[in-house]
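# Coordinates in review
Residue-level listing of the chains:
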Amino acid sequence: MSDPLPQLPPSRVNRARSGDGVDKEIWKPSWNCFCCQDTGRIHPHLVRLVIPEYDCDRDRIPVCQRLKCYEGSKWMHLKDNLDMRLTAAICGELDRISREDWNNTVKQKFLNIQELAKKMAMPNQIYKRTENDEREVQLRKEQVQFELDNFEAKEEEIFQEDI
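Now for a description of the structure that goes with this document. Just so we're clear, the structure is a prediction, and the values are computed from it rather than from any experiment.

## A word on the overall build of the protein chain
Summing up its helical and strand segments, the protein chain has four helices and two strands in all. N-terminal to C-terminal, the α/β element order of the protein chain is α-β-β-α-α-α. Buried positions account for 17% of the 163 residues belonging to the protein chain. For the protein chain, the share of sequence-separated contacts (at least 6 apart) that also reach a separation of at least 24 residues comes to 46%. As displayed, the protein chain has an accessible area near 13900 Å², and 55% of this comes from carbon and sulfur atoms.

As structure tokens, this is what we get:
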């Protein structure tokens, strides 16, 4: 009889998290190169800025050649299937465009959160009372106080009658 296979616990993906439990990547990505996101392969949406009719299922793989990004070298074993026409200058520009898009996305996300916070805030924090509103509130307050005082007085009279 053969030995049973060992039972191993799951190996969880180590996600970049900030101290408050929110994914760090939403605010600051974990990669260094925005052109290829540290994969060495330029993302198709960026490639289409240079090669408009690029089809990732049909065309050669465009490799990142941005300065200080060495991830493209991982793909060199596929030399006949690589598109090396996107130079370091082009990759640098694609990196800049992608960084700008990322920053705009983060700013928009921040604005959306701010807007949501304003909507969820207490009404008197959003709406500022006018003088007229303030007078009306004071009149209502006095009326309620008057009714409350009269109710307590009537209740006391009824209590005295019962004794």
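## Details of the side chain of D83
Along the chain, D83 turns up in strand β2 (residues 82–83). Leaving out residues up to four positions away in the same chain, D83 has contacts with I51, R60, I61, P62 and V63.

## Comments concerning the nonpolar core
C33, C35, I42, C64, L86, C91 and L94 are the most contacted members of the largest nonpolar core, which totals 13 residues. Secondary-structure elements contributing two or more residues to this core are α1 (44–50) and α2 (88–120). Each residue touching C64, except ones within four places of it in the same chain, is listed here: C33, C35, C36, G40, I42, C69, G72 and C91.

## Quick word on the pattern of salt bridges
Throughout the structure, instances matching the rule amount to eight salt bridges. Of the charged contacts in the structure, one is a salt bridge between R58 and D59, with a shortest N-O distance of 3.0 Å. The class for D59 is partly exposed, based on a relative accessible area of 26%. With its nearest N and O atoms 2.9 Å apart, the salt bridge here joins R85 to D83.

## A closer look at the packing of aromatic side chains
Here the structure, examined in full by the defined rule, presents three aromatic pairs. Summarising the aromatic geometry, the rings of W31 and F34 are spaced 5.8 Å apart at their centres and angled 70° between planes, so their arrangement reads as edge-to-face. Classification of W31 by relative accessible area gives buried; the value is 13%. An aromatic cluster of three or more residues is present, and its members are W31, F34 and W102.

Calculation notes
- Counting from 1, residues in each chain are numbered in the order their sequence is written.
- Since the coordinates come from a predicted model, pLDDT governs what is reported: local features require at least 70, and pairs of side-chain atoms require 80 or more to be given and counted, while whole-chain, interface and lining totals use all residues.
- Side-chain calculation: all heavy atoms of the structure are included, whereas hydrogens and water are not.
- Under the scheme used here, helices are H or I runs from DSSP no shorter than 4 residues and strands are E runs no shorter than 2 residues, and both carry numbers assigned from the N terminus.
- Only protein chains enter the calculation, and the probe is 1.4 Å; a residue is then buried if its accessible area is under 20% of its type maximum, exposed if over 50%, and partly exposed in between.
- The contact definition used throughout considers only heavy atoms, calling two residues in contact when any of these lie within 4.5 Å.
- Note on areas: Shrake-Rupley with a 1.4 Å probe; residue coverage comes only from the protein chains shown.
- Nonpolar cores were defined as sets of buried Ala, Val, Leu, Ile, Met, Phe, Trp, Tyr and Cys residues, with membership established by side-chain atoms within 4.5 Å.
- Whenever Lys or Arg places a side-chain nitrogen within 4 Å of a carboxyl oxygen from Asp or Glu, that contact is recorded as a salt bridge.
- Classification of ring pairs rests on two measures: the distance between centres of Phe, Tyr or Trp rings, Trp counted by its six-membered ring, which must be within 6.5 Å, and the angle between planes, read as stacked under 30 degrees, edge-to-face over 60 and tilted in between.

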